[in-house]
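Architecture and fold: a report
Letter by letter, the chains look like this.
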Amino acid sequence: MSNWHRHLPKELDPSEIELTSGETLPTVWVSNWKNEPERTVIHDPSLGWITAGDLLDRSEVIARRLANVGVELGDRVLLSATSSAELVAAHAAALRLGAVVVPTNGAYRADEVTHVISDARPKIAIVDRPEWSDWIQSCDPTVLVTNPSVDLEDGPRVQLDQIGARASALIGYTSGTTGRPKGAVLSHGNLLSSVRALEIAWRWQAEDTLILALPLFHMHGLGVGLHGSLAVGARAVLLPEFEVNEVLDSIQKYEATMFFGVPTMYNRLVQSPRAPEISQLRLCVSGSAPLAAELHQRIQAVSGQRVLERYGMTETAMLVSNPYEGERRPGSVGFPLPGVEVRLKGEPPEILVKGPNVFEGYWERPEANSQAFDDGWFRTGDLGALDADGYLSIVGRAKELIISGGFNVYPREVEDVISQHEAIQECAVVGEPDDEWGEAVVAFVVADRDIADDEIKNFVGDRLSHYKRPRRTYRIGALPRNALGKVQKHRLQEQPII
Ligand code: MLC
Ligand code: AMP
């Protein structure tokens, strides 16, 4: 299935499309910045508008500082901070130097941080949470820790923008279909081809202004929102958190044209009496989790806005999107993006993908890599169906994954923590349908005494990110198991609650 011509403007001949030009993210960004240094590109929450020239200079200064402390081509640089122009400059600096950025969720607690540190072995960590310093240094005292402004000594001039499209740009931690979080290594070619496809499909232009309230440490905010804006030479207004009135005020104030969000954000927006204000945007995109058809229709009823739903993954960047022109079908993710091939295989049918955007493998995980690919096709772990018009829908998951408010939660990780609780004999964690979060994390436990929801919530919250905490805990007599002793999660809801 590769009917991606359905994304192209009528005047564009498919043979003219070049997604992989051999360039890298920073060579494209730097060329834009040099062409128009006075142009405003990023709106920082406290500093206001930052120009292309500022980013060019600032990223060079930081790159020199990084090189001065020994960061070399291919070294990993961990980045985790609230959205700011400083973070953008640090990100660009690391990439310009040929280092590999490891974006890391700021909600991570000690064990999650030390897992990434010991696995990726970064040379430096640029973070804005003081408690992380101790966690990082306790795990690897050789990692230098600094803040997003990278207040290190200035260094001499260094060669920048020297690497090629095949060089690694990012390692995004994800559990994939199984196991502990592993690093998906994405090259510049992967990431650039993906934003080029979006540029064409979504008619993204230099005149656009995006309201970017997504965090800059996952594919959606970073790989789509930030990378796309910088590659197109457009503007992005960074909001450090998602707050409905702040988003709506920013749309007015900065004459925004686009908003990208997860379904939970749209659910909150549509409840505001000011929701009709989103009608003035040229494009609203939803992704990272299923957008309920009912929510899609409600947004349209309230604001006239036909949200464009798309589908992507950490390992692949963006894969499939509803069309800019033509029907944006509620409950469907649309057609493969330019360059992307999609097929369904097996029973139930799993979505397999190929394309210049698809990563080459997980960081130092040869075994996981051989399971992740099927004859060159990447196995998404998502189940799909195609309708008669060629629209793809995601109908389920073959992988054990809960998506809560757009963040991924791996039940196994939460189960491992709950099992350490003194009163718990065994437990199983699943996602429950939830109007606000899409899915809510809930735990079923076998315990020798009553267990309050808050007890498990706090126990997990001390050890894992806040969004992994079970919202509810149900005490049951025994976990349902099959003849082989495997827990039957689909039968948990049938169990009598004690
Ligand atoms: C916050 N909370 C969550 C949560 N976010 N609980 C479950 N799931 C979440 N995602 C908790 C808080 O800790 C708090 O708990 C309570 O819920 C209310 O918090 P809030 O202040 O209302 O939440 P807020 O900070 O506004 O965050 C909501 C959100 C955020 C939707 C803005 O979750 C978010 O930024 N989501 C986007 C995730 C994202 O970027 N995903 C992209 C992945 S890339 P308490 O106990 O204090 O009340 C990807 C690939 C692709 O998937 O295709 O894009
Ligand atoms: P991540 O590992 O954070 O990149 O999450 C990727 C997963 O998010 C995919 O494998 C899907 O299960 C899910 N996902 C992303 N976009 C959508 C969407 N539009 N609809 C349903 N699921 C989605």
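What counts, and where the lines are drawn
- Residues numbered from 1 in each chain as written.
- Chains lettered and ligands numbered in written order.
- Predicted model: local features only at pLDDT ≥ 70, side-chain atom pairs only at ≥ 80, totals over all residues.
- Heavy atoms only, no water.
- Helix = DSSP H or I, 4+ residues; strand = E, 2+ residues; numbered from the N terminus.
- Rg over C-alpha atoms; globule rule 2.2 N^0.38 Å.
- Buried < 20%, exposed > 50% of the residue type's maximum accessible area, 1.4 Å probe, protein only.
- Contact = heavy atoms within 4.5 Å.
- Near = heavy atom within 4 Å.
- Polar contact = N/O pair within 3.5 Å; in protein donor to acceptor, adjacent residues only side chain to side chain.
- Areas by Shrake-Rupley, 256 points an atom, 1.4 Å probe, with all protein chains shown as cover.
- Axes fitted to C-alpha atoms, helices over the stretch in contact; angles between N-to-C directions.
- Parallel < 35°, antiparallel > 145°, perpendicular 65-115°, else oblique.
- Left-handed = near helix turned anticlockwise from the far one by under 90°.
- Nonpolar A, V, L, I, M, F, W, Y, C, P; charged D, E, K, R; others polar.
- Domains from an automatic or database assignment.
- Buried area = accessible area lost by both parts, 1.4 Å probe.
- Salt bridge = Lys/Arg side-chain N within 4 Å of Asp/Glu carboxyl O.
- Pairing = 2+ DSSP bridges.

Here we look at the overall build of the protein chain
- Each helix and strand counted, the protein chain has 13 helices and 26 strands in total.
- Computed over C-alpha atoms, the radius of gyration of the protein chain comes to 22 Å, within 12% of the 23 Å expected from 2.2 N^0.38 for 498 residues, which places it in the range of a compact globule.
- A principal-axis box enclosing the C-alpha atoms of the protein chain has dimensions of 65 × 55 × 50 Å.
- The buried share of the protein chain, taken over its 498 residues, is 59%.
- Counting only contacts in the protein chain whose residues sit at least 6 apart along the sequence, the fraction spanning at least 24 positions is 67%.

Describing the site of ligand 1
- The environment of ligand 1 is formed by 25 residues, the closest being R268, S288, R310, S404 and R471.
- G312 places a polar main-chain atom, nitrogen or oxygen, 3.1 Å from an oxygen atom of ligand 1.
- G406 places a main-chain nitrogen or oxygen 3.0 Å from a nitrogen atom of ligand 1.
- Protein burial of ligand 1: of its 1,000 Å² of free accessible surface, 75% is covered by the chains.

Overview of the packing of helix α2 (residues 52-68) against helix α3 (residues 85-96)
- It is the contact of α2 with α3, at a shortest axis distance of 8 Å, that shows an interaxial angle of 60 degrees. By the criterion of interaxial angle, the relationship of α2 to α3 is oblique. The two elements α2 and α3 cross, and the hand of that crossing is right-handed. Contact with α2, carried on its side by L55, L56, R58, S59, E60, I62, A63 and L66, involves A85, V88, A89, A90, A92, A93, A94 and R96 of α3 and no other residues of that element.
- Residue composition of the contact of α2 with α3, grouped by class: 12 nonpolar, 1 polar and 3 charged.

Notes on helix α4 (residues 110-120)
- Buried residues dominate α4, accounting for 8 of its 11 residues.
- Three or more residues of α4 are buried, namely E112, V113, T114, H115, V116, I117, D119 and A120.
- Directly after α4, the chain includes R121, whose backbone phi takes a positive value near 45 degrees.

Considering the domain arrangement of the protein chain
- Here the protein chain is described as being made up of domain 1 (4-395) and domain 2 (402-494).
- Centre-to-centre, using C-alpha coordinates, domain 1 lies 30 Å away from domain 2.
- Every contact between the two is made by 19 residues of domain 1 and, on the other side, 17 residues of domain 2.
- In this assembly, domain 1 packs against domain 2 so that about 1,300 Å² is buried in total across both faces, 50% of it on carbon and sulfur atoms.
- On the domain 1 side of the contact with domain 2, R109, E112 and T264 bury the most area, a combined 32% of that side's loss.
- The interface formed by domain 1 and domain 2 includes 2 salt bridges.
- One salt bridge connects K468 with E112, and the closest N-O pair in it is separated by 2.5 Å.
- The interface formed by domain 1 and domain 2 contains 8 residue pairs in polar contact (both at pLDDT 80 or more).
- Secondary structure elements with two or more residues in the side of domain 1 that touches domain 2: α4 and α9 (263-270).
- Among the elements that make up the side of domain 1 that touches domain 2, the one with the highest residue count is α9 (3 residues).
- Broken down by class, the residue content of the side of domain 1 that touches domain 2 amounts to 7 nonpolar, 8 polar and 4 charged.

Some remarks on the site of ligand 2
- Contacts to ligand 2 come from 17 residues, most closely from R310, T314, D382, K399 and N408.
- In this structure, R310 approaches ligand 2 through a main-chain N or O atom, which is 2.7 Å from a nitrogen atom.
- In this structure, an oxygen atom belonging to ligand 2 sits 2.6 Å away from a side-chain N or O atom of D382.
- Against a free-state accessible area of 500 Å², the protein chains account for coverage of 91% of ligand 2.

Things to note about the pairing of strand β1 (residues 40-44)
- Counted residue by residue, β1 has 4 buried out of 5 residues, so it is predominantly covered.
- Here β1 runs beside strand β2 (residues 48-51); their pairing, made up of 4 bridges, is antiparallel. The partner of D44 across the bridge, within β2, is G48.
- Connecting β1 to the antiparallel partner β2 that follows it, the hairpin turn spans 3 residues.
- Two elements, β1 and strand β10 (residues 235-238), share 2 bridges in a ladder whose sense is parallel. Its bridge partner lying in β10, I42 is registered against A236.

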